[in-house]
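Observations on the three-dimensional arrangement
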Amino acid sequence: MPAQLLLNLFIAFLWMTLMDEDELRFTTFFAGFLVGIGIIFFMHRFLGTQFYLRRMYSTIKLIFLFISELTQSSIIVLKQILSPRLKIKPGIFKYETVLDSDVEVTMLSLLLTLTPGSVVMEVSPEGNVLYIHAMDVEQSKDALLSQLGNFEKAIMEVTR
């Protein structure tokens, strides 16, 4: 991905110099950047990697997914805290992930820990099993499992 971005910037600067204008303009650079995107899009299969804008789109999508899940879980935790009677049953459950690499499992663990109401307590030595503490296992386990599935799909889009 960094190589494609650097190549795109090089094409944009080359475009600026070949346009032979008296002064440097952002519009000329931007036009060259768009031409570079087109060139790299048609040539990315020869570079042997995925097109870099697709990965950037997946990263932005993961960020928005995290913000959405953070907001939803914060509202759930806020409702539980502000209720007159605290009727929660905390617990620990095991979750087997489909993610392979250490980076992917770490990202999943951090994203889940940053959302309120759940904490990844331990990761198995193989890296495919997470032990998760949830604030209310009976009510929020299904929501947490769907949240984990959404995070896994988004992480796989970014890293693979």
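Given the structure is predicted, the values throughout are model-derived calculations rather than measurements. (Residues numbered from 1 in each chain as written. Predicted model: local features only at pLDDT ≥ 70, side-chain atom pairs only at ≥ 80, totals over all residues. Heavy atoms only, no water.)

Concerning the pairing of strand S1 (residues 91-96)
A one-sided burial pattern is seen for S1, the buried positions being Gly-91, Phe-93 and Tyr-95 and the unburied ones Ile-92, Lys-94 and Glu-96. Here 6 bridges tie S1 to strand S3 (residues 129-134), and the two strands are oriented antiparallel to one another. Paired with Lys-94 across the strands is Tyr-131, a residue of S3. (Buried < 20%, exposed > 50% of the residue type's maximum accessible area, 1.4 Å probe, protein only. Helix = DSSP H or I, 4+ residues; strand = E, 2+ residues; numbered from the N terminus. Pairing = 2+ DSSP bridges.)

What about the layout of surface pockets?
In this model, the largest pocket occupies a volume close to 260 Å³. Lining of the largest pocket is provided by 18 residues; of these, Ser-73, Ile-76, Ser-140, Ala-143 and Gln-147 occupy positions nearest its centre. For the lining of the largest pocket, the elements supplying multiple residues, two or more each, are helix H3 (52-82) and helix H5 (137-159). Residue contributions to the lining of the largest pocket peak at 6 residues, all from H3. In the lining of the largest pocket, the residues fall into 7 nonpolar, 9 polar and 2 charged. (1 Å grid on protein atoms, 1.4 Å probe; cavity = no way out; pocket = protein on both sides within 12 Å on 5 of 7 lines; lining within 4 Å. Points joined across faces, edges and corners; volume = space filled by probe spheres on them. Nonpolar A, V, L, I, M, F, W, Y, C, P; charged D, E, K, R; others polar.)

Focus on H3
Taking 1.5 Å as the rise per residue, H3 with 31 residues should run 45 Å; its terminal C-alpha atoms sit 45 Å apart, in good agreement. Looking only at H3, the buried set comprises Tyr-52, Ser-58, Leu-62, Phe-66, Glu-69, Ser-73, Val-77 and Gln-80. Buried residues in H3 make contact with helix H1 (2-18), helix H2 (26-47), helix H4 (102-114) and H5. (Expected span 1.5 Å × (residues − 1). Contact = heavy atoms within 4.5 Å.)

Description of the nonpolar core
Counting 20 residues, the largest nonpolar core has Leu-62, Leu-108, Leu-130 and Ile-132 as the members making the most contacts within it. Looking at this core, the elements that each hand over two or more residues are H3, S1, H4, S3 and H5. Once residues within four sequence positions are removed from consideration, Ile-132 is found in contact with Gly-91, Ile-92, Phe-93, Tyr-95, Leu-112, Ser-118, Val-119, Val-120, Leu-144 and Leu-148. Counting residues in hydrophobic clusters, the runner-up holds 9 residues, among them Met-16, Phe-29, Ile-40 and Phe-51. (Core = buried A, V, L, I, M, F, W, Y, C linked by side-chain atoms within 4.5 Å.)

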